[in-house]
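# Residue-level structure breakdown
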Amino acid sequence: PGERHAKAFPFITDSAVMASGPTHHGSPNAAYSSNSAAPVPVITQTDSRDKWSKKMDFLLSVIGFAVDLGNVWRFPYICYQNGGGAFLIPYVLMAIFGGVPLFYMELALGQFHRTGAISIWKHICPIFKGIGYAICVIALYVSFYYNTIIAWALFYFYSSFSSILPWTNCDNVWNTPDCTNYFGMDNITWTNSSRSPAEEFYTRNVLELHKSSGLKNLGGVRWQLMLCLFLIFTIVYFSLWKGVKTSGKVVWVTATLPYIVLFILLIRGATLPGAWKGVVFYLKPQWDKLLETSVWVDAAAQIFFSLGPGFGVLLALSSYNPFTNNCYRDAIVTSLVNCLTSFVSGFVIFTVLGYMAEMRKVEVEDVARDKGPSLLFITYPEAIANMMGSTFFAIIFFVMMIMLGLDSTFGGLEAIITAVLDEYPDQLYHRRELFVLCLVVVCFLGSLSTLTNGGAYVVKLLEEFGVGCSIIVLGFLEAIAVSWFYGINRFSNDIQAMLGKAPGLFWRVCWVAISPAFLAFIIISSLLKVPQLTLFDYKYPDWSITVGYLIGFSSFMWIPIYMVYKLVWTPGSLKQRLAVCLRPERTIPELHADSLHMTTMP
């Protein structure tokens, strides 16, 4: 009966169905109870909403968002730092019990309610609507620094069109006496003060960090980087301005090309001398590490940020799906692709690190100290520069980075666009192109501080505090609101209405208890650990950490602000206000889910 109902109800958009009479609030079957006291507003859905042209457009968009630069630089580093092969045990467990259930939850919510991160709370638990606004603020912060990293990659891409890559030698105007080129040289001594040509190219030519003394004196804007960022945002605008019908076509290139490049780099890396040293270092299990709490925290945080629940992107992308789309299968497939990509990226990185260790005649551990952007902009380019066919490999490597970055940018900005347009449809629905243009301009202007000589310091600050703990708190509150306030039974009925089959006990237990506990574990561990930020030789001053906490709070604060606003402006006694603020407005699909529940009851 459930499957028959789902197929007979492809997506209820007919306003005529509304004539079936008033609905009432109460139990899951309250819509059909004549004894309920107060009518509950019913929200209609319209056929004017965009839809994906093809199923693969959606899948590639989700994969493109989830698989980003962090898969290439963050996972390999965290893996070897936390016990190598032994780290895969907490990573897989955290994925099964935390990451994938939350991923599935967001896809199901977006597909069922067909609305963005702000409006959806009317249908789940209105008092938590501030979560939607907080998500949009965090997505803005991400756009302020993430696109700058793509601009760096574009700068490198342009610089790669040379027979001799500019980070190969120490004969350039930006080099210092500390520059030490050890490739192809004999009797070269590597000291603590030594700097490779690739490091000086990155710090002194691309960033020009030496012209800034830190956050107090960022220096001027680098016009070359500003031009690169302008080109990036131009691509972003023309990919998003018409909606998912255009972005769904673009991801066929941006989401698939990185896999071709990864495969080429993997084959090349495996043939390098010393590659096996890197692989052994990457995967050699250190079982004693499993007794350390920090390893489990890193595994939980890595899977959360890698899959990306809580960012509002999955809600937005799945909201354009057909009502009966199999979001369960989508969640499993895309999660597997994401995790396997991270694992394979480790081989791509560490075969090259093993090669560098062989060339420097040092241990892999001494080469693998770089993490974050330094791994992608210093260590890997340095190795590429000394391979046969270096120009070709440099070009495809930075093309891969640009594509990986663009996919995630598409997802992050689409989350804002969908959320705002769904919240204010009358004012903005027919002005999408103008709204997207305004959003892109705001993101570009917000990124200017990251384009200065000391912009890398701002990037690290925003990356640490602009997203960090705030987005995990939002994910935790979202899981609690759906499982405990909206109700796990009602949510299961929603999924049954779409798929014809209710989620099993495993998923329900994860949503109610295990996944929220997973997020609470990360939050508590993060709060107990005071961050000590450093970048190269610069130690962030104490006041900058305070500024960072204020940045984090500036997104989270919209949750309590909206709660107070909602309670103050809702008429009635405090008890009545709470009842209204916690009661979701009913949608036509929800009424169908209730009907389905009634017809399948024994």
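As the structure is a computational prediction, the values presented were derived from the model and not from experiment. (Residues numbered from 1 in each chain as written. Predicted model: local features only at pLDDT ≥ 70, side-chain atom pairs only at ≥ 80, totals over all residues. Heavy atoms only, no water.)

To continue, consider the nonpolar core. As a rule of thumb, soluble globular proteins bury nonpolar side chains together. Among the nonpolar cores identified, the biggest contains 183 residues, and Trp152, Phe377 and Phe491 are the most heavily contacted of them. Among the elements that take part in this core, helix H20 (residues 455-499) stands out by supplying 22 residues, more than any other. Leave out the neighbours within four places in its chain, and Trp152 touches Tyr202, Val206, Leu207, Leu225, Pro373, Phe377, Ala456 and Val459. (Core = buried A, V, L, I, M, F, W, Y, C linked by side-chain atoms within 4.5 Å. Buried < 20%, exposed > 50% of the residue type's maximum accessible area, 1.4 Å probe, protein only. Helix = DSSP H or I, 4+ residues; strand = E, 2+ residues; numbered from the N terminus. Contact = heavy atoms within 4.5 Å.)

Aromatic ring pairs are defined here through the distance separating the ring centres and the angle between the ring planes. Applying the stated criterion to the full structure yields 55 aromatic pairs. A ring pair is formed by Phe397 and Phe398, whose centres lie 5.1 Å apart and whose planes are at 75 degrees; its orientation type is edge-to-face. Across the pair, Phe398 and Phe397 agree in class, each one buried. Among the aromatic residues, those joined into a cluster by ring pairs are Trp152, Phe155, Tyr156, Trp167, Trp174, Phe201, Tyr202, Phe377, Tyr380, Phe397, Phe398 and Phe536. Over the aromatic face of Trp241 sits the side chain of Lys242, whose NZ or CZ is 4.8 Å from the ring centroid. In this structure, Arg490 is placed above the aromatic ring of Tyr486, and the distance from its NZ or CZ to the ring centre is 5.1 Å. (Phe/Tyr/Trp six-rings, centres within 6.5 Å; stacked < 30°, edge-to-face > 60°. Lys NZ or Arg CZ within 6 Å of the ring centre and 35° of its normal.)

Okay, the UniProt feature "binding site: Na(+)" (unreviewed entry) in the protein chain next. According to UniProt, the "binding site: Na(+)" (unreviewed entry) feature falls on Gly64, Ala66, Val67, Asn71, Ser306, Asn338, Leu404, Asp407 and Ser408. Of the residues just listed, which span 345 residues, no C-alpha pair is farther apart than 13.4 Å, and they cluster in one region. Checking the named residues against the largest cavity, the ones that line it are Gly64 and Asp407. By the element assignment, Ser306 lies in helix H12 (residues 293-307). If you trace the backbone, Asn338 turns up in helix H14 (residues 327-360). Residue Asn338 is classed as buried on the basis of its relative accessible area of 0%. Apart from the residues within four sequence positions on either side, Asn338 is in contact with Ala66, Val67, Asn71, Ser306 and Leu307. (UniProt positions renumbered as here; feature names shortened; annotations may be inferred. 1 Å grid on protein atoms, 1.4 Å probe; cavity = no way out; pocket = protein on both sides within 12 Å on 5 of 7 lines; lining within 4 Å.)

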